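Close look at the chain arrangement
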Amino acid sequence: VRAPLHSTPRAPMGRRETIFRLAKGFRGRSKNCWSLALRRVQKGLQYAYAHRRLKKREARAVQIQQINAGAREYGISYSRLIRGLYLADIGLNRKMLSVLARQEPYSFRAIVEEAKKGLRVSVLGVEQVDAGSGAQRGADS
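Residues numbered from 1 in each chain as written. Predicted model: local features only at pLDDT ≥ 70, side-chain atom pairs only at ≥ 80, totals over all residues. Heavy atoms only, no water.

Section: the overall build of the protein
Across its full length, the protein carries six helices and zero strands. Going from N to C terminus, the protein has its helices and strands arranged as α-α-α-α-α-α. Relative to its full complement of 141 residues, the protein shows a buried share of 19%. Intrachain contacts of the protein at a sequence separation of at least 6 include 47% that bridge at least 24 residues. Of the roughly 11,200 Å² of accessible surface on the protein, 53% is carried by carbon and sulfur atoms. (Helix = DSSP H or I, 4+ residues; strand = E, 2+ residues; numbered from the N terminus. Buried < 20%, exposed > 50% of the residue type's maximum accessible area, 1.4 Å probe, protein only. Contact = heavy atoms within 4.5 Å. Areas by Shrake-Rupley, 256 points an atom, 1.4 Å probe, with all protein chains shown as cover.)

This is the structure:
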């Protein structure tokens, strides 16, 4: 039985080969001229490192915008919603809240109502607040 040709051990890749492999697809001489390829690959790796962090930052900003849009549909701002969730001891992260705001509006509404209840309890210091009686008292006077 003959061994396949590609199973022979290969020599480890040198530094030049690694740089040129990373420079594949670059424009002009940056893909095949050593000094240019070296600089472009190093700068590209710096950009990749920075943008991995930027991607997370931008994703969080988009999630916050989605939560804010969903919360405002139910009459509460993002900051009050987050404060209310903290007071109501609801430990959902922003990623899950944004998914709920987009895909599960009824579940998100229930969470918003719990957050509003948490805010009411913290401000008024009472467990049960009757919203209907307050509207009637204002109409009577």
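Here we look at the pattern of salt bridges
Tallying each qualifying case throughout the model produces two salt bridges. Taking the shortest distance from any N to any O, the salt bridge between Lys117 and Glu114 comes out at 3.4 Å. Linking Lys117 with Glu114, this pair stays in helix H5 (residues 105-124), spanning three residues, or about one helical turn. Here Lys117 falls in the partly exposed class, since its relative accessible area comes to 34%. (Salt bridge = Lys/Arg side-chain N within 4 Å of Asp/Glu carboxyl O.)

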